[in-house]
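Chain residues, written in single-letter form:
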Amino acid sequence: MESLLFPVLGQGIKASPGFGSSTRSDARLLASAAFLSGPSALRYSPPFRFEMGVRLSKAASRWRRKFGKLRRRDPVERTTRNVYDQHVQESMVKEKASPVLESGIPLKYSPGKAFPLGASKVEDGINFALFSQHASSVILCLSVPKRQNVGEYGGMVEVALDPHKNKTGDIWHVCVEGLPGSGVLYGYRVDGPQQWEQGYRYDSSIILLDPYAKLVAGRKYFGDVTDKTSKFLGTYDFSSLPFDWGPDYKPPNTPETDLVIYEMNVHSFTADESSGLEPGIRGSYLGVIDKIPHLLELGINAVELLPVFEFDELEFQRYPNPRDHLINTWGYSTMNFFAPMSRYASSGGGPAVAAQEFKQMVKALHNAGIEVILDVVYNHTNEADDDHPYTTSFRGIDNKVYYMMDLKNNAELLNFSGCGNTLNCNHPVVMELILDSLRHWVEEYHVDGFRFDLASVLCRGNDGTPLNAPPLVKAIAKDYVLSRCKIIAEPWDCGGLYLVGRFPNWDRWAEWNGKYRDDVRRFIKGDPGMKGTFATRVSGSSDLYQVNKRRPYHSINFVIAHDGFTLCDLVSYNFKHNDANGEGGKDGTNDNLSWNCGFEGETDDVNVLSLRSRQMKNFHVVLMISQNDVTWHEHYWDNPESKFLAFTLHDEKLGGDIYLAVNAHDYFVKVAIPSPPQKQQWHRVWCDEDGDNDGDGTSGGSGEGDVCSGGGDVVLTQIGNPPMISLLKVYLSVGPVTISLRILQLSLRQSHETT
């Protein structure tokens, strides 16, 4: 069985209200002073508020590594240090006292260590480590909550790092003693070469988010337009107790063959008052927990969550543009790859609460037998394009490393994502970032798998050239921590690298089967010559997945998803009408293989509405019966005019065989039901020959319990006018136990002329 898928702000920092009054020049002076006074210099700034700067960045460069002998290290260092500079020596110097924060907390500092990256708890305090290969200076910026009110923050301390004392290879690091175990906000000012044409985008006036921050603090409430220019800074929580997963907890570990995936957006799922939830719970991780009974009713066993990594939902409102009224609900604009979306916490709880509630959600879903798959976006970031850059992290830290660019064309960003930039995924440093991120979500949050958005980008080299054996894709397939995870590729990108059935897989990667979607749409709307292709798709797409050790379950079958038309749109429009979003219909594909059932758009015509309802049911049923173990009852494969298809579906889990027939002709077809095995009979549970699909069994046709001996004829009628498809579904009984034959007649128009 295959898997199923349902469906320009102020530039810089203002002197008084900002993080301090430094300009790029005095930041350099501060760094120079630090070289004379010790391993780090500290500076205090008044209580802060700042506007995120907006700058451009791109990335492409070659990384050369030096290999040397290393001491034995703990697992948290193991997978990262081998990519960065290998000659690591941790020099310790006598600690020096720093200025005292407004909150009254004295700080001490020491050189710290290069690993792990990000903020980590060590014996002497909190260690901060940041990779930047090309930076000439780095300043750590810290703000601590006031003792009287944790929600209010005092002044900013800035720690200038000495490249001779606070740098190992390409890692900048410092240890700060005296910081609280949670609630501290931090970021970095980074400076370096200014040659645009060489790919550098440094601007030390912007405080940047740590790529390895495990939590991110931003605005408190989703879509709060009173806080459009919210800062986004790293934070940490080393004070909370470990999350209690429970003594009897275990993940479902559902076999890939049995996956029925429900794609959903955490916020939108319960954001509306119709969810019946309290306002503070709507649109949150806890809101998903409340709806688990509904998910179980649907019969699904996995949820695929649209992006839950931290993103700025108001990014479209940074500058005047046709879309500046929109809120980014989906989240395909990642700001940080480690932190759960903080505004999905209940009641504006913030990043630490979001992390805890995410775990609560996963635990509850697992206890209900539902796996959690994350839709992850490693093909680009939120930092946008050359025209309207939004520098928040990677660009300002090391643009040449993190992004693909055309160094022969003024270091222009390469855009294979359709979103203005492309992450340089197979650069060793970026590759380790992605692997560390994936492991973090598995080990810390217990997620069960990942669906990789525009995964063909992961198959490109530093200059965008497609790779036959991309290192990142192989590393994900072979990684020990990720070995139990489902890994699913969306096997195309916006640069034309279409890899459906050909995605480098090492017999591990599954794929969104875009050919299944397209061919099923064509057949169900009545396109001619689709019978053989339709049969291939519903029986496992052997033309795509019968290679090496690949199996039908490596095909994730789907008809609709978040991209393109919804299921209702698919049966209501021949053309897209994306007017409200301000893009003038330029977004998305122009060919959705849709049919409007005789009228374009919304209508009150009951006949059109009835037909659309039947069409949607047909799509659903075809998706659910698409399995690989079938016996065909067909003699007209070579006839391009044939629109009739019959087969028996074998599935021991259902207690027997299921006979199905599909008639797309505009005339009746007699079907000879195959003779059952000895001492077995075909039984009919319900028949709905007049096209009424309410399932009450009260319409015309044979009654419940009717027996078909096999070998006889069953007429598949064309229902109503215009012509329709009928679907016959038959269960086989074994021995004296009666397992009924069921007929579902779901009508489908044969042709697709418009009125």
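This one's a predicted model, so the numbers in the text were calculated from it and none came from an experiment.

**Comments concerning helix H10 (residues 514-524)**
And step 1. With eight of its eleven residues buried, H10 lies for the most part within the structure.
And step 2. Within H10 the residues assigned to the buried category are Gly514, Tyr516, Asp518, Asp519, Val520, Arg521, Phe523 and Ile524.
And step 3. With a side-chain oxygen positioned 3.2 Å from the backbone nitrogen of Lys515, the residue opening H10 is Asn513.
And step 4. Gly526, located one to two residues past H10, shows a positive phi value of around 95°.

**Things to note about the packing of helix H7 (residues 394-402) against helix H8 (residues 428-445)**
And step 1. Relative to each other, H7 and H8 sit at 120°, their axes nearing to 10 Å. Accordingly, the angle class assigned to the pair H7 and H8 is oblique. For the pair formed by H7 and H8, the contact residues are Phe394, Val401 and Tyr402 on the first element and Val429, Val430 and Leu433 on the second.
And step 2. For the contact of H7 with H8, a count of residues per class yields six nonpolar, no polar and no charged.

**Here's the deal with unusual backbone geometry**
And step 1. For the peptide bond that leads from Phe115 to Pro116, omega is 0°, which places it in the cis range.
And step 2. Position of Pro116 relative to the elements: it lies in the loop between strand E4 (106-110) and strand E5 (118-122).
And step 3. A positive phi angle is found at Asn548, which is not glycine, with a value near 50°.
And step 4. One can find Asn548 in the loop between helix H12 (542-545) and strand E22 (555-558).

**Regarding the packing of aromatic side chains**
And step 1. Applying the stated criterion to the full structure yields 34 aromatic pairs.
And step 2. Between the aromatic rings of Tyr236 and Phe238, the centroid separation amounts to 4.9 Å while the plane-to-plane angle is 25°, which identifies the pairing as stacked.
And step 3. With centroids separated by 4.9 Å and ring planes inclined at 10°, the aromatic side chains of Phe309 and Trp441 adopt a geometry described as stacked. Of the two residues, Phe309 is situated in the loop between strand E15 (302-305) and helix H6 (351-367) and Trp441 in helix H8; the sequence distance between them amounts to 132 residues. Take Phe309 and Trp441: they sit in the same class, and that class is buried.
And step 4. Sitting above the plane of the Tyr445 ring, Lys359 keeps its charged end 5.3 Å from the centroid.
And step 5. A cation sits over an aromatic face here: Lys531 above Trp637, 5.7 Å from the ring centre.

**Looking at the pairing of strand E10 (residues 171-177)**
And step 1. Within E10, six of the seven residues are buried, which leaves it mostly tucked inside the rest of the structure.
And step 2. Pairing of E4 with E10, which is carried by three bridges, proceeds in the antiparallel orientation. Bridge pairing in E10 places Tyr109 opposite Val176.
And step 3. Relative to E10, strand E6 (residues 125-131) runs antiparallel, the two sharing six bridges. Within E10, the position partnered with Ile126 by the bridge is Val176.
And step 4. Sheet analysis places strand E9 (residues 167-168) next to E10, joined by two bridges and oriented antiparallel. Paired with Thr168 across the two strands is Ile171, which belongs to E10.
And step 5. The hairpin formed by E9 and E10 contains two residues between the paired strands, and Gly169 there has a positive phi angle of roughly 60°.

**Some points on the pattern of salt bridges**
And step 1. Summed over the entire model, instances satisfying the criterion amount to 21 salt bridges.
And step 2. One salt bridge connects Arg522 with Asp519, and the closest N-O pair in it is separated by 3.2 Å. Placement of both Arg522 and Asp519 in helix H10 is noted, with a separation of three residues, approximately one turn of the helix.
And step 3. Using a relative accessible area of 9% as the deciding quantity, one classes Asp519 as buried.
And step 4. Because the salt bridges share partners, they merge into one network encompassing Arg219, Glu310, Asp312, Glu313 and Arg343.

**Points about the pairing of E6**
And step 1. Where burial is concerned, most of E6 is hidden: seven out of the seven residues are buried.
And step 2. Here E5 hands over to E6 after two residues, the two strands then running antiparallel side by side.

**Remarks on the environment of Asn166**
And step 1. In this fold, Asn166 is placed in the loop between strand E8 (153-161) and E9.
And step 2. For the pair formed by Asn166 and Ala129, sequence separation is 37 residues and the distance between their alpha carbons is 9.3 Å.

**Structural notes on empty space enclosed by the protein**
Taking a probe equal in size to a water molecule and rolling it over the atoms shows the remaining empty space.
And step 1. In this model, the second largest cavity occupies a volume close to 60 Å³.
And step 2. Leu117, Phe131, Pro211, Tyr212 and Tyr402 are, among the twelve residues lining the second largest cavity, the residues nearest its centre.
And step 3. When contributions to the lining of the second largest cavity are tallied by element, the ones reaching two or more residues are E6 and H8.
And step 4. The leading source of residues in the lining of the second largest cavity is E6, at three residues.
And step 5. Per-class residue counts for the lining of the second largest cavity are ten nonpolar, one polar and one charged.

**Side note on the nonpolar core**
And step 1. By size, the foremost hydrophobic cluster in this structure holds 116 residues, and its most contacted members are Phe128, Leu179, Phe358, Leu374, Phe450, Phe452 and Ile476.
And step 2. Residue contributions to this core peak at ten residues, all from H8.
And step 3. Dropping the residues within four chain positions of it, Leu374 is found in contact with Leu305, Val308, Phe309, Phe358, Trp441, Val447, Gly449, Phe450 and Arg451.

**Some points on the packing of H10 against helix H14 (residues 606-624)**
And step 1. Closest axis-to-axis distance for the H10/H14 pair is 11 Å, and the angle between their directions is 135°. One way to sum up the angle between H10 and H14 is to call them oblique. By crossing handedness, the relation of H10 to H14 is classed as right-handed. Residues Tyr516, Val520, Arg521 and Ile524 of H10 pack against Gln615, Asn618, Phe619, Val622 and Leu623 of H14.
And step 2. The residue makeup of the contact of H10 with H14, split by class, is six nonpolar, two polar and one charged.

**Looking at the environment of Trp637**
And step 1. The topology assignment puts Trp637 in the loop between strand E23 (630-632) and strand E24 (644-651).
And step 2. Relative accessible area serves as the criterion here: at 38%, Trp637 is assigned to the partly exposed category.
And step 3. Apart from residues no more than four positions distant in its own chain, Trp637 is found in contact with Lys531, Gly532, Ala535, Trp632 and Leu645.

**Some points on the environment of Asn590**
And step 1. Mapped onto the secondary structure, Asn590 falls in the loop between helix H13 (567-570) and H14.
And step 2. With a relative accessible area of 62%, Asn590 lands in the exposed category.
And step 3. Expressed as a C-alpha distance, the spacing of Asn590 and Gly564, which sit 26 residues apart in the sequence, is 9.3 Å.
And step 4. Among the polar contacts made by the side chain of Asn590, one reaches the side chain of Lys576 at a distance of 3.0 Å.

**Observations regarding the confidence of the model for the protein**
And step 1. Confidence in the prediction for the protein averages 80 pLDDT; 74% of positions are at 70 or higher.
And step 2. This model gives residues 8-97 a pLDDT under 50, and the stretch forms 270 contacts once residues within four places in sequence are excluded.
And step 3. Scored below 50 in pLDDT, residues 685-755 shows 215 contacts in the model against residues more than four places distant or in partner chains.

**A look at H8**
And step 1. Spanning 18 residues, H8 covers 25 Å between terminal C-alpha atoms, matching the ideal 26 Å at 1.5 Å per step.
And step 2. Within two residues after H8, His446 carries a phi angle of roughly 65°, on the positive side.

What counts and what doesn't
Residues numbered from 1 in each chain as written. Predicted model: local features only at pLDDT ≥ 70, side-chain atom pairs only at ≥ 80, totals over all residues. Heavy atoms only, no water. Buried < 20%, exposed > 50% of the residue type's maximum accessible area, 1.4 Å probe, protein only. Helix = DSSP H or I, 4+ residues; strand = E, 2+ residues; numbered from the N terminus. Polar contact = N/O pair within 3.5 Å; in protein donor to acceptor, adjacent residues only side chain to side chain. Axes fitted to C-alpha atoms, helices over the stretch in contact; angles between N-to-C directions. Parallel < 35°, antiparallel > 145°, perpendicular 65-115°, else oblique. Contact = heavy atoms within 4.5 Å. Nonpolar A, V, L, I, M, F, W, Y, C, P; charged D, E, K, R; others polar. Phe/Tyr/Trp six-rings, centres within 6.5 Å; stacked < 30°, edge-to-face > 60°. Lys NZ or Arg CZ within 6 Å of the ring centre and 35° of its normal. Pairing = 2+ DSSP bridges. Salt bridge = Lys/Arg side-chain N within 4 Å of Asp/Glu carboxyl O. 1 Å grid on protein atoms, 1.4 Å probe; cavity = no way out; pocket = protein on both sides within 12 Å on 5 of 7 lines; lining within 4 Å. Points joined across faces, edges and corners; volume = space filled by probe spheres on them. Core = buried A, V, L, I, M, F, W, Y, C linked by side-chain atoms within 4.5 Å. Left-handed = near helix turned anticlockwise from the far one by under 90°. pLDDT = per-residue confidence, 0-100. Expected span 1.5 Å × (residues − 1).

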